[in-house]
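# Chain and residue survey
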Amino acid sequence: MSFGKFGTDREERINYERMRKYRLERVQRQMEKEGLGAIITWDAYSIRYIAGHYITVPTRWIENQFVILPRDGDPHIFGGPSMVDRLRRDMPWLKGKIYPQGPSLKFARTKDDLRKLVNTVYNILKEYKVEKEPLGLDGCTSELLVKEAFKDVGVEVVDAKYTMLEARKIKCKEEIECIRIACAHAEAAFAEIQKAIRPGVTECELVGIGMKTLYSLGADEVQEFVCVSGENTNPFRIDYTDRVIRPGDIVIVDINGNSFQGYKSCYYRVFCCGKPTQEQKEIYEVCRDMLYEALKVVRAGNTTRDIVEKWPSDPSFWGYTTWDEVMPLATGHGIGLSLHELPFIHPPEARANPVRLEEGMVIALE
């Protein structure tokens, strides 16, 4: 593909219809494999994966927007950032199966508060003749309460978090192109940030410059990304402050949570305010070599163990005594609609239980 974002009649670009079809089939195949009759999800990323529907960040917390997907049926959406008739017009691929939002899980105190939700879901399960089969729950923070409520109508509830993670781990070429474009946007933001690094500028100013660039290029969501400098880089902070940058400071920027068509970047770059010292250059090269040696083995058929074997085998290298303390400094993860997806890569787990890498996985190494 060409990194082009506009539709055109003379190049093969992102085919959204094909991408939606691929994602829906991935989920339903995984449901069949696990013996699920249906899935209900409140997770914003799973909702977008299943239905191509975006749940805005401010409306996620209340958990009153969800999707029900029967194993052999169409997605049914409840709620959205616009009026139902508007959503039905905007998303014809959902065949009109868009309804007003349901009750909030966050404010439900007893199973009686979920009676309307249960009856609505149960009627859909009966329509597709899967009411006697397990119902998977994903993105549900009130799982115990929901399970009790569905027990009253004879529906078995099981956890489906990993059902969705397994479905989402292998990307089609359209998904990969979206991630590449998100990374291209991040590169443009890095360029603007680099130009702005000077004594007196603050970390939060640099974040603002980066966010403006990302949104100007068409990002549909930019979560807070990392921008730390000077003493905030060691021990490493995963945020940003109003710290004033001084001459000679190292500046670390991780543009994560930046998304194009929902797909994220997790992209680190290191800068120096002024001319770096010889010691700073040497430390940078040690880190860069570890990263690029690991990248050489990110190939289908290799394993997550092959990756971590390229890194020091003892947490003392980073100045710590346990691997848990090292977690932010030597890790890797799949990336897609959410920032962290399968496979998860952490040295002790990767050595003990290596995961085989597959074509179509997209992985961030840190």
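This text follows the structure it describes.
Now for the overall build of the protein. For the protein, the helix and strand inventory stands at 12 helices and 13 strands. A compact globule built from 366 residues should have a C-alpha radius of gyration of about 21 Å, and the protein, at 23 Å, falls within 12% of that. The C-alpha extent of the protein, read off along each of the three principal axes, is 70 × 45 × 45 Å. Counting all 366 residues of the protein, 49% fall into the buried class.

What follows covers the side chain of Lys97. Structurally, the position occupied by Lys97 is in the loop between helix H3 (84–90) and strand E4 (98–99). Setting aside residues up to four positions removed in sequence, Lys97 forms contacts with Asp74, Pro75, His76, Ile77 and Tyr128.

The next point concerns the packing of aromatic side chains. For the structure shown, the criterion picks out 8 aromatic pairs. A centroid spacing of 5.7 Å and a plane angle of 70 degrees characterise the contact between Trp61 and Phe107, whose relative ring orientation is edge-to-face. Taken as a pair, Trp61 in the loop between helix H2 (44–51) and strand E2 (66–70) and Phe107 in the loop between E4 and helix H4 (115–127) lie far apart in primary sequence, 46 residues in all. As far as burial versus exposure is concerned, Trp61 and Phe107 are alike and both exposed. Their ring planes at 80 degrees and their centres at 4.9 Å tell us that Phe317 and Trp318 sit as a pair that is edge-to-face. The rings of Trp42, Phe66, Phe78 and Tyr99 are connected pair by pair, giving a single aromatic cluster. Above the face of the Trp93 ring, Arg20 is positioned so that its terminal group lies 3.6 Å from the ring centre. The side chain of Arg288 reaches across the aromatic face of Tyr292, ending 4.3 Å from its centre.

According to the stated counting rule, one finds 29 salt bridges in the structure shown. For Glu11, the salt bridge identified is with Arg13, shortest N-O distance 2.8 Å. Members of the salt-bridge network, linked through shared partners, are Asp43, Arg168, Lys171 and Glu341.

To continue, consider the sheet that holds E2. Spatially, the 6 strands line up as an open sheet ordered E4-E3-E2-E1-E5-E6, and their pairing is mixed. Since the sheet does not close on itself, it has two edges, and those belong to E4 and strand E6 (157–159), each with one partner. Two elements, strand E1 (residues 38–41) and E2, share 4 bridges in a ladder whose sense is antiparallel. Pairing of Ala38 across the sheet is with Pro70, part of E2. Packed on one face of the sheet, helix H1 (residues 16–34) meets E1 and E2 and runs near 60 degrees to E2.

Thresholds applied
Residues numbered from 1 in each chain as written. Predicted model: local features only at pLDDT ≥ 70, side-chain atom pairs only at ≥ 80, totals over all residues. Heavy atoms only, no water. Helix = DSSP H or I, 4+ residues; strand = E, 2+ residues; numbered from the N terminus. Rg over C-alpha atoms; globule rule 2.2 N^0.38 Å. Buried < 20%, exposed > 50% of the residue type's maximum accessible area, 1.4 Å probe, protein only. Contact = heavy atoms within 4.5 Å. Phe/Tyr/Trp six-rings, centres within 6.5 Å; stacked < 30°, edge-to-face > 60°. Lys NZ or Arg CZ within 6 Å of the ring centre and 35° of its normal. Salt bridge = Lys/Arg side-chain N within 4 Å of Asp/Glu carboxyl O. Pairing = 2+ DSSP bridges. Axes fitted to C-alpha atoms, helices over the stretch in contact; angles between N-to-C directions.

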